[in-house]
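# Architecture and fold: a report
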Amino acid sequence: DAGVIQSPRHEVTEMGQEVTLRCKPISGHNSLFWYRQTMMRGLELLIYFNNNVPIDDSGMPEDRFSAKMPNASFSTLKIQPSEPRDSAVYFCASSLGQGLLFFGPGTRLTVL
Amino acid sequence: GQQVMQIPQYQHVQEGEDFTTYCNSSTTLSNIQWYKQRPGGHPVFLIQLVKSGEVKKQKRLTFQFGEAKKNSSLHITATQTTDVGTYFCAGPRGANNLFFGTGTRLTVIP
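The rules behind these values
Residues numbered from 1 in each chain as written. Chains lettered and ligands numbered in written order. Predicted model: local features only at pLDDT ≥ 70, side-chain atom pairs only at ≥ 80, totals over all residues. Heavy atoms only, no water. Contact = heavy atoms within 4.5 Å. Buried area = accessible area lost by both parts, 1.4 Å probe. Salt bridge = Lys/Arg side-chain N within 4 Å of Asp/Glu carboxyl O. Polar contact = N/O pair within 3.5 Å; in protein donor to acceptor, adjacent residues only side chain to side chain. Helix = DSSP H or I, 4+ residues; strand = E, 2+ residues; numbered from the N terminus. Nonpolar A, V, L, I, M, F, W, Y, C, P; charged D, E, K, R; others polar. Core = buried A, V, L, I, M, F, W, Y, C linked by side-chain atoms within 4.5 Å. Buried < 20%, exposed > 50% of the residue type's maximum accessible area, 1.4 Å probe, protein only. Disulfide = S-S within 2.5 Å. 1 Å grid on protein atoms, 1.4 Å probe; cavity = no way out; pocket = protein on both sides within 12 Å on 5 of 7 lines; lining within 4 Å. Points joined across faces, edges and corners; volume = space filled by probe spheres on them.

Before going further, it helps to spend a moment on the interface of chain A and chain B. Accessible area lost when the parts come together is the quantity often used to give the size of an interface. Chain A puts 19 residues into the contact, and the matching count from chain B is 17 residues. Both faces combined, the contact of chain A with chain B buries some 1,500 Å², and carbon together with sulfur accounts for 53% of it. By the criterion of area lost to chain B, the three top residues of chain A are Leu 43, Leu 100 and Phe 103 of chain A, representing 28% of everything that side buries. There are zero salt bridges connecting chain A and chain B. If you look at where chain A meets chain B, you find three residue pairs in polar contact (both at pLDDT 80 or more). At the level of secondary structure, the elements contributing two or more residues to the side of chain A that touches chain B comprise β4 (31–38) and β5 (42–50) of chain A. Taken together, the residues of the side of chain A that touches chain B break down into eleven nonpolar, seven polar and one charged.

Next comes the structure, spelled out in structure tokens:
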């Protein structure tokens, strides 16, 4: 089993640029989560989908952030325009709906 | 709102010493999960506790769920360098969502 796949693993960009993070959940999992982790704020839930439908996006910081899940095997998290304070590790996780999460390796984003 | 606090935030122990982290919720939890994140890695599921007063063991790790289902603990006996990492507890929020605690970062000194 490949596990949750995220790309890219590392992203360095300049302030104002658009950033797109990608996630492929474990096949058969019906829930997908996007988390952000920083030293200051810990592990924060940004948004989660159930059966490709966004259920809770209250954690999305502001309008610069958007997430989509066009099908059961793919999701994107987009930041436009990016800012230095967006620098963090972004994790995607999936589950079978029982609350047990399987995390991907994360994308380390640095915005200069 | 729901809060899950963990103490201590950091812990440094000598290899071979025991370690305990505590998780406290502001609300009653139907279950609690524990995750471990190695430095530079991602959180990995360790265990789920469901019953009031439940105790589960995994080798040197002992997990306990409080009688009131509002607190939990993870105890590691005779720590090893492989135990290094951040330990998170997590409680359910809604049907499929989890709320993660603040985490305890464990450092083991050889």
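Past the structure itself, the notes keep going.
Right, let's talk about the nonpolar core for a bit. Counting residues in each nonpolar core, the largest one holds 21 residues, and the members touching the most others are Trp 34, Leu 77 and Tyr 90 of chain A. Among residues more than four places away in sequence, those in contact with Leu 77 of chain A are Val 19, Thr 20, Leu 21, Trp 34, Leu 46, Met 60, Ser 66, Ala 67 and Tyr 90 of chain A. Judged by nonpolar contacts, the second largest core, of 19 residues, contains Ile 32, Leu 49, Leu 74 and Tyr 87 of chain B.

As a further point, take the pattern of salt bridges. All names here are of chain A. Per the counting criterion, the structure on display carries ten salt bridges over all chains. Between Glu 18 and Lys 78 there is a salt bridge, with the nearest N and O atoms lying 3.9 Å from each other. You can see Glu 18 sitting in the loop between β2 (10–13) and β3 (19–24) and its partner Lys 78 sitting in strand β8 (residues 74–79), a full 60 residues away along the chain. Classification of Glu 18 as partly exposed rests on a relative accessible area of 44%. Across the salt bridge formed by Glu 83 and Arg 64, the nearest N and O atoms sit 3.5 Å from each other. Placement of the pair is Glu 83 in the loop between β8 and β9 (88–95) and Arg 64 in the loop between β6 (53–56) and β7 (65–71), with a sequence separation of 19 residues. Bridged by salt links that share partners, the residues Glu 62, Arg 64, Glu 83, Arg 85 and Asp 86 form one connected network.

Here the focus is the state of the cysteines. Residue and element names in this part refer to chain B. Applying the stated criterion across every chain yields a total of two disulfides over all chains. A sulfur-sulfur distance of 2.0 Å marks the disulfide that ties Cys 23 to Cys 89. As the torsion about the S-S bond is roughly 75°, the Cys 23-Cys 89 disulfide counts as right-handed. A residue pair is termed long-range when its members are at least 10 positions apart, and Cys 23 in strand β3 (residues 19–25) and Cys 89 in strand β9 (residues 85–93) qualify at 66 residues. The two residues Cys 23 and Cys 89 agree in class, both being buried.

Let us now look at the layout of surface pockets. Size it by volume and the largest pocket reaches roughly 1,000 Å³. Looking at the largest pocket, it is lined by 48 residues, and the ones nearest its centre are Gln 37, Thr 38, Gly 42 and Leu 43 of chain A together with Phe 88 of chain B. Broken down by secondary-structure element, the contributors of at least two residues to the lining of the largest pocket are β4, β5, β9 and β11 (107–111) of chain A together with β1 (4–7), β9, β10 (97–100) and β11 (104–109) of chain B. Of the residues belonging to the lining of the largest pocket, the class tally is 21 nonpolar, 19 polar and eight charged.

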